[in-house]
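What follows is the residue order along each chain.
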Amino acid sequence: TSGKAELHLTYACDLACPNCNRLSVLKKQPHTPDMTVEDVREFFRQARALNWTPSILIIGGEPTAHPAFDEVVRLSREFVGRGLVQVWSNGYSEQAREALLRVKRDYDASVPADTHKPEGSRKLSIDDIYCSPADYGAPTYRHCWNHSAEICGISVDAAGYSPCAIGGMVDGFLGLGVRTKVLADLFDPEKVAE
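The shown structure was predicted, so the numbers you read here are calculated from the model rather than taken from an experiment.

Participant: Just to check I follow, could you spell out the overall build of the protein for this structure?
Facilitator: The helix and strand tally for the protein stands at six helices and five strands. The burial tally for the protein puts 43% of its 194 residues in the buried class. A sequence separation of at least 24 residues applies to 70% of the contacts in the protein between residues at least 6 apart.

Participant: What is the right way to look at helix H1 (residues 37-49) in this model?
Facilitator: Helical periodicity: at 3.6 residues per turn, an α-helix aligns residues three or four positions apart in one direction. Relative to the 18 Å expected for 13 residues at 1.5 Å per residue, H1 spans 18 Å between its end C-alpha atoms, a close match to the ideal helical length. Those residues of H1 that are buried are in contact with strand S1 (4-8), strand S2 (55-59), helix H2 (69-80), strand S4 (154-157) and strand S5 (160-162).

Participant: Just to check I follow, could you spell out the sheet that holds S5 for this structure?
Facilitator: Within a sheet, neighbouring strands are paired by backbone hydrogen bonds and run either parallel or antiparallel to one another. The strand order across the open sheet formed by five strands is S3-S2-S1-S4-S5, and the pairing between neighbours is mixed. In this open sheet, the two edge strands, each paired with only one partner strand, are strand S3 (85-87) and S5. Strand-to-strand, the axes of this sheet are offset by a mean angle of 20 degrees, without reference to chain direction. The pairing of S4 with S5 spans three bridges and is classified as antiparallel. When the bridges of S5 are listed, Ser 155 appears paired with Ser 162. Here H2 sits on the sheet and contacts S1, S2 and S3; the angle it forms with S2, its principal contact strand, is near 170 degrees.

Participant: What's the story with the packing of H2 against helix H3 (residues 94-107) in this structure? I'm lost.
Facilitator: The description of two helices packed together rests on the angle between their axes and the distance between the axes. Following both chains from N to C, one finds H2 and H3 inclined at 30 degrees, their axes separated by 11 Å at the closest point. The angle between the axes of H2 and H3 places the two elements in the roughly parallel class. Crossing handedness for the pair H2 and H3: right-handed. Side by side, H2 and H3 meet where Phe 69, Asp 70, Val 73, Arg 74 and Arg 77 of the first sit next to Ala 99, Arg 102, Val 103 and Tyr 107 of the second. Here the contact of H2 with H3 is built from residues that sort into five nonpolar, no polar and four charged.

Participant: Could you clarify how one ought to interpret the pairing of S4 in this entry?
Facilitator: Consecutive side chains of a regular strand alternate in pointing toward one face of the sheet and then the other. Here S4 shows two buried faces, one formed by Ile 154 and Val 156 and the other by Ser 155 and Asp 157. Between the antiparallel neighbours S4 and S5 lie two residues.

Participant: Could you clarify how one ought to interpret the environment of Leu 84 in this entry?
Facilitator: Counting through the fold element by element, Leu 84 comes out in the loop between H2 and S3. When its relative accessible area of 41% is taken as the criterion, Leu 84 is described as partly exposed. Each C-alpha atom of the pair Leu 84 and Ile 56 lies 6.3 Å from the other, and the pair is 28 residues apart in sequence. Setting aside residues up to four positions removed in sequence, Leu 84 forms contacts with Ser 55, Ile 56 and Ser 110.

Participant: Help me understand the pattern of salt bridges in this model?
Facilitator: Opposite charge on two side chains lets them pair, provided their charged atoms get close. Within this structure, the stated rule accounts for 11 salt bridges. Across the salt bridge formed by Asp 106 and Arg 105, the nearest N and O atoms sit 2.7 Å from each other. Arg 179 is the salt-bridge partner of Asp 157, the closest N and O atoms lying 2.7 Å from each other. A residue pair is termed long-range when its members are at least 10 positions apart, and Asp 157 in strand S4 and Arg 179 in the loop between helix H5 (167-174) and helix H6 (189-193) qualify at 22 residues.

Participant: Just checking my understanding: could you explain the pairing of S2 for this structure?
Facilitator: Along S2, five of the five residues are buried, which leaves the element largely enclosed by surrounding structure. Residues Ser 55, Leu 57 and Ile 59 line one face of S2 and the alternating positions Ile 56 and Ile 58 line the opposite face, and both faces are buried. Taken together, the five bridges between S1 and S2 define a ladder with parallel strand orientation. Bridged to Lys 4 within S2 is Ser 55. What joins S2 to S3 is H2, and the crossover it makes is right-handed.

Analysis parameters
- Residues numbered from 1 in each chain as written.
- Predicted model: local features only at pLDDT ≥ 70, side-chain atom pairs only at ≥ 80, totals over all residues.
- Heavy atoms only, no water.
- Helix = DSSP H or I, 4+ residues; strand = E, 2+ residues; numbered from the N terminus.
- Buried < 20%, exposed > 50% of the residue type's maximum accessible area, 1.4 Å probe, protein only.
- Contact = heavy atoms within 4.5 Å.
- Expected span 1.5 Å × (residues − 1).
- Pairing = 2+ DSSP bridges.
- Axes fitted to C-alpha atoms, helices over the stretch in contact; angles between N-to-C directions.
- Parallel < 35°, antiparallel > 145°, perpendicular 65-115°, else oblique.
- Left-handed = near helix turned anticlockwise from the far one by under 90°.
- Nonpolar A, V, L, I, M, F, W, Y, C, P; charged D, E, K, R; others polar.
- Salt bridge = Lys/Arg side-chain N within 4 Å of Asp/Glu carboxyl O.
- Right-handed = clockwise from strand over helix to strand, strands pointing away.

All quantities given are derived from atomic positions and should not be read as evidence of function.
Listed below in structure tokens is the structure:
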């Protein structure tokens, strides 16, 4: 794996960016419930059992809006030791900005520089996240699971684990039922390919 895990604490967000690759724009009908602290602890328990200590990316939706945000950052810091704990936030609300400063100070969490945006701004981007490689005329483009194994992290959310960073969102939105509650499944090439 890439050695990264993305904890999707919540898919809810205070913004409604139309290009959101976690579909947080669907505020009225979230596709996946929020993670609990127990969900986070269970992921760390299974990772330890596999002797795997990935860097942790805490993401959403808007992770600072989760009621146990600080606790999850603390648990993540304990889990990785000197490793990387990173928080990706839109930094839009005053509450979000205060939470980011607090966890950066108290738990040595990394907050990427582009997280902080001027109040009222929305950075929109176009990505190939919703397009097939064939749409780009690239039939030899490597499969997504290769991409996620090298660049992105695995998806961790309330419903389980996926080898693709946005796999949890896709599974939740489409109701495919392909996430697993057994982290070891993501280390089995046959199960991942399936």
